[in-house]
Structures are given as C-alpha cells and as structure tokens.
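The primary structure of each chain is shown beneath.
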Amino acid sequence: MWAIRRASPSFKKQVFTAGHSRICSATSEISSQCLKGYGDGFKKASNVISDRPLGFRGFRGITHGFLRLFTENRSFSSLAGTKSSGEEDSDSDDGFSELESSTEAIQEANKDVESVSEHELSEDDVDGEDVEAPRELELSDTETDVSKRKSPRKRVSSALYNAIVAAPALSVHKIMDKWVEEGNDVTRAEVAAAMLNLRKRRMYGRALQLSEWLESKKNLTFTDRDYASRVDLIAKVRGLQKAEDYIGMIPKSFRGEVIYRTLLANCVAECNLKKSEKIFNKMKDLELPLTCFACNQLLLLYKRTDKKKIADVLLLMEKENVKPSLFTYRTLIDAKGQCNDISGMEQIVETMKAEGIEPDINTKSILAKHYVSGGLNEKAENVLKEMEGGDIKENRWACRSLLPLYAALGKADEVGRIWQVCESNPRLDECVAAVEAWGKLHNIKEAEAVFDKMAAKWATLSSKHYSVLLRIYASHKMLSKGKDLVKRMSDSGCRIGPLTWDALVRLYVEAGEVEKADSILHKAAEQNRLRPMINSYLVIMEQYAKRGDVHNTEKMFHRMRQAGYVSRISQYQCLIRAYINAKAPCYGIAERMKADSVFPNKGLAHMLAQVDAFKKTAVSDLLD
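Described in the following lines is the structure provided in the data block. From a predicted model like this one, the values you see are computed outputs, not experimental measurements. (Residues numbered from 1 in each chain as written. Predicted model: local features only at pLDDT ≥ 70, side-chain atom pairs only at ≥ 80, totals over all residues. Heavy atoms only, no water.)

Notes on the packing of helix H4 (residues 159-166) against helix H5 (residues 172-181)
What counts, and what does not: Only the contacting stretch of a helix is used when fitting its axis, a line to C-alpha atoms as for every element, and angles between N-to-C directions run 0 to 180 degrees. Each helix is a run of DSSP H or I of at least 4 residues and each strand a run of E of at least 2, with the numbering of both proceeding from the N terminus. Just so you know how the angles are binned, under 35 degrees is roughly parallel, over 145 roughly antiparallel, 65 to 115 roughly perpendicular, and the rest oblique. Crossings are sorted by hand: turned counterclockwise from the far helix by less than a right angle, the near helix makes the crossing left-handed, and turned clockwise it makes it right-handed. Two residues qualify as a contact provided that any one of their heavy atoms is within 4.5 Å of a heavy atom in the partner residue. In this classification, Asp, Glu, Lys and Arg are treated as charged, Ala, Val, Leu, Ile, Met, Phe, Trp, Tyr, Cys and Pro as nonpolar, and every other residue, Gly included, as polar.
At a minimum axis distance of 10 Å, the contact between H4 and H5 shows a crossing angle of 130°. Put simply, H4 runs oblique to H5. Viewed along their axes, H4 and H5 form a crossing whose handedness is right-handed. Packed against H4, whose contacting residues are Ala159, Leu160, Ala163 and Ile164, the element H5 presents Val172, Ile175, Met176 and Trp179 at the interface. A breakdown of the residues in the contact of H4 with H5 according to their chemical character gives eight nonpolar, no polar and no charged.

See below:
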C-alpha cells in the first residue's frame, strides 16, 4: 500500500528552491526536478481549495518499460472521439476504439491551448459543426508530435452516419431498426466510423442512442472500450452522476482502468474537484494500475484550481515510478507560465530535453505565449523561428499557430508573410487563425477579407468560424456590424449555440448594454438544451459587480448554479466585489463558501474582511 505525503517545509526548501536547476540522470528523479518551485513558487497564484492530502494508497506501480508499450503508433487525444481535424485513423475498425483517443478536448474548444483564461469551456460549450478538438485531456498516455503529421487526413466516410443525420425527426433506434430491415450489416468498422463522425460534430445525444441500441440488440459484443465510450457519452449528455451510476451496471470484468479514467477525465473537464478526487481515490481502492494519464488529469485539474497540489501529484509519480509524458511536461510548463515564473518554466523545458523529450509545436506555442505575456519578446521570437524551421513552406503545419502568436507580438509584417504562404490555397484552420490574428492587430479590413475568402471557399461554415469575427467586432465595440453578422449566420442556416451566445453577450457588454446581454443569455438558456458557457455568465456578473449591483450579481451567481456550474473561487471573488462596491455587508458568505468547499486564499480573505458584517472597528469598540 502506498501513500502520498505532503511536501514538508524542509523538503520544499531542498527541492523547490528557485534558480538552482539540476538535470536528472535517472528516470526516478524526473518528478523531483519537475517539482522545483512548485511548493513556494505557486503560493501566490494558487487558490487553496483544500489542504487535505489525498490518500493515494493501493495503486500498483507501472514500470516505464510497460508504459513504452503504448507509445507506438498512438496519437494523443482526449475528447471522447473528437480528435483534431485530420487526426482520425481512417482504417480504425476495432469497434468504438475512436474513444481510445477520447476525452481530450472536453474543456477547451478554443483554438489555443488555454486562451479562455481560467474559465474553460465544457464539451457542450461548443456549437457543433466540425469544431476542432483542442488538446487538453488525453485518454491514451502518449501523443504524436503534430509536426510529424504533414497532411491532414480526410474524414472517415460512413453510410450509417449519413443515414442517422439524414433523418433528424426520427430517433436513432428507429433509424437503426430500419437500417437492419433494409439488409444492411452492422459491423464494427461501420459503427466506429459513425461514432467518430457523430463525436466530431458534437452529436453526443445521437451517439449515445446508437450505443444504447447496439447494447440492447446485442449486435456487437461490447469490450471495455465500448463501455468506456458509453460512460463518456452519458457524462456529456446526462451528467457525471448518471455516468457513475452506469458504471455500476457494467459487468465487473470490464470495470477496469479505462472505464474510470474516462469518468475521471469528464470530472476534470467539469473542474469538479470533489468528484475528480473521489474517482481517483476509487481507482486506488480498486487497486487499478496508476497510469500517467490519471496523474495528468490531476495535474490538469490542480493547474486550474489549486496549483499547490501539483507537488503532491509529482511526488506520487516519482514514488510510484510513473514516467512523465510530453503532456505532463506541457501542463507543468503552462502552470509555471501562468504564474509568470519564466525561469521555472525554462527549467522544466531543460529537464524535458534531458530526458529525451523534445518540445512539440503545441509546447513551443505555450512557451511563446508566456514569453509574450512576460514581455520577453526576443525570446518569443526565437521560439517562433524554431517553429518555422528552415522553410515555412515545408513546415506549413506551423502556420496556424504562428499567425496569432506573431499578432500577439504586434508583428503585422510577419502575420502578412505567414498568411501569404497559405493564401493561395488556405486550410480552414489557417483562415480562422488569420482572422483572429488580424483582429488582434486591429486590422478589421484584413480580418473581414480573410473571413469572406473563407466563406466563399466553404459553403457551410459553423458558428465557431463566425464567432471569431463576431468576437473581433465585440472587442472593437462594432455593435452594428456584429448584428449584421449574426443575421448572416441565421440566413445561412448556421446553428447558433453557446459560442455565438458568448460572442453576442460580449458584443453587447462592450457596447455598454449589459441588460441586453443579460436578456440574450437568459433567453438562450431557456430556449435551448445546450447550456451557455461559464464565461458568458461571468462577463455579465463582473459588470454588475463593478456597479455594486448586488441583486443582479447574486442573480447571475444563482443562474450559474442552475446551469450546473460548480462554484469556484473566481465566482465568489466577483460576488464579494459587488458587496464591496455597494459598501454593504455580506451575511453568511463564509458559510456559503465552506458549503461549496471553497476556501479563501490571501486575496479573497482580505476581501472577506471588508464585507464582514460583524467586524470590529474603533467606533464599535467604544460603543461596546
């Protein structure tokens, strides 16, 4: 039985001291090196949710040699089945194994790795059509360097998928019954292709119905991967509790690590700290293997909720001999960058290289992003030149990442140069990146020109693509153009969902029409089954808080709860700010936070003192 220990002060002093990097020569030392700075370095930035050490006892350690068995021919992904465009395995015929690269992009449906700041999207925060899966969560423990994927693969064709989407008024059960009556075979290859395409288009409800039909009719013998696919779909469509309940119905022999890792990834996607830790410890109690994937999920969770706990996970990985993956290092690099600990970020990169893992395009993008944020433009430019390689035309795959990064540096000439490489025959993701880049540079004319080119080449754009330009209009307070673009979306038959609602909310907020933004969000939430993005609530809530409008701030807080979002420290900070600006006491706020397992950091504690209805003052002492 194994137990993780909290890093003692003496241990922190020895291991976490900044500025004294050491390169590990033994694999068992990797985690210690990664820990450097994670105790004291994150104190200021962490939101302390709980100081209770996690009990990580009972896992069977996995040797590094065993993990290496999974590194061959596996691509990294994780949104149950929603890989990035061009990543699908066209000859995948082993059933639902599209889920093997599943649950990765649940949260961040944005173009870049964490461009939505601390408020990530959930899987249903995406509008639909062909949304590219971002890379945050993984179901497999390894990943393929994007630079090795020279050309995108085409979508897997599926007659079954076409039959399902062609009959929107019918339930999938009826469609499948008809499919069989017409003499069509239900093969694993056909089902896998249909599932893959349904997931790519975020049609999780239909994918779930397909899975239910297959199990009820017993056309295929379910494997653990098939059950994992079902768990993931239930979590997306019906919620985490229903997914957990379904696990109890799975035959015991199939309730292995892949089942629980799928549920864990969805818990992390929801930033549900309690549930994530509960599932992780459940895996421990069941004595399931401790994989790098499970540890990466906790790292991802704590990066967003409580960076001080990152040290605990790294200590566990070292103790249990779990070798860090590229994703592990990338998460640590991003966490350091978020805290503006540039030296700590660079130390992790050096350790990573010393272990023979070269930074891929995504890791380099994160490095460049944090260099820009830290004002280290020269270092950022050096990283971008590395990404370009010797010839940008040969490294065309890097253009999508380079465009917004050069824009962040304010380099309009470089953006123009990179776009020129793509312009004659652009790919969809390159167009989106170019629109975003020109928007950052406040060149609305060029952004519109690229968008028009994109609209002319692809007849049916999704709301994701419209939302990029809509956000640019919002940030430039161009309300009239924003309204015209939404009408154009509607006329084109484009589905309007959470991404569009969020852009509309921002459009009206930036124009100073907060009440109109509030009304739009309220109607969208009432009239649709998809829930709005958490950012949509927060941007309105923050405006009410600035005004000291306690009533409406509390209303937005409550509506977030109704939408199923777990209360986090950021929501409470905004709520308390409303009371401060209103110069009003906030009764019972500490008890509310405790009930939500949200414990104040130093900044929030200072804010709480300002709204304490029973605080002592010089006058109150005299009166007492």
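Here the narrative resumes, following the displayed structure.
Quick word on unusual backbone geometry
Rules: Burial classification: accessible surface area is computed with a 1.4 Å probe over protein chains only, and a residue below 20% of its type maximum counts as buried, one above 50% as exposed, and the rest as partly exposed.
One non-glycine residue, Cys271, lies in positive phi territory at about 55°. Following the sequence through the fold, Cys271 ends up in the loop between helix H10 (257-269) and helix H11 (273-285). You can call Cys271 buried: its relative accessible area is 6%.

Describing the nonpolar core
The criterion, for reference: To form a nonpolar core, buried Ala, Val, Leu, Ile, Met, Phe, Trp, Tyr and Cys residues must be joined to one another through side-chain atoms within 4.5 Å.
Core analysis: the largest hydrophobic core is formed by 162 residues, its most contacted members being Leu210 and Ile540. Leaving out residues up to four positions away in the same chain, Leu210 has contacts with Ile164, Val172, Met176, Ala194, Met195 and Leu198.

Overview of the packing of aromatic side chains
Definition in use: By convention, a stacked pair of Phe, Tyr or Trp rings (six-membered ring in the case of Trp) has centres within 6.5 Å and planes under 30 degrees apart, an edge-to-face pair has planes over 60 apart, and any other such pair is tilted. Two conditions define a charge located above a ring, namely a distance within 6 Å from the ring centre to NZ of Lys or CZ of Arg, and an angle within 35 degrees of the ring normal.
Taken as a whole and judged by the stated rule, the model has five aromatic pairs. Between Tyr537 and Tyr565, the ring centres sit 6.4 Å apart and the planes meet at 70°, which makes this aromatic pair edge-to-face. You can see Tyr537 sitting in helix H26 (residues 534-547) and its partner Tyr565 sitting in the loop between helix H27 (550-562) and helix H28 (569-581), a full 28 residues away along the chain. For Tyr537, a relative accessible area of 3% translates into the label buried. Of the residues examined, Tyr565 reaches a relative accessible area of 8% and is grouped as buried. An aromatic cluster is defined as three or more aromatic residues linked by ring pairs; in this entry it consists of Phe222, Tyr227 and Phe254. Over the face of the ring belonging to Tyr204 we find Lys236, whose NZ or CZ atom lies 5.3 Å from the ring centre. Across the ring face of Tyr565, the terminal group of Arg531 is positioned such that the distance to the ring centre comes to 3.9 Å.

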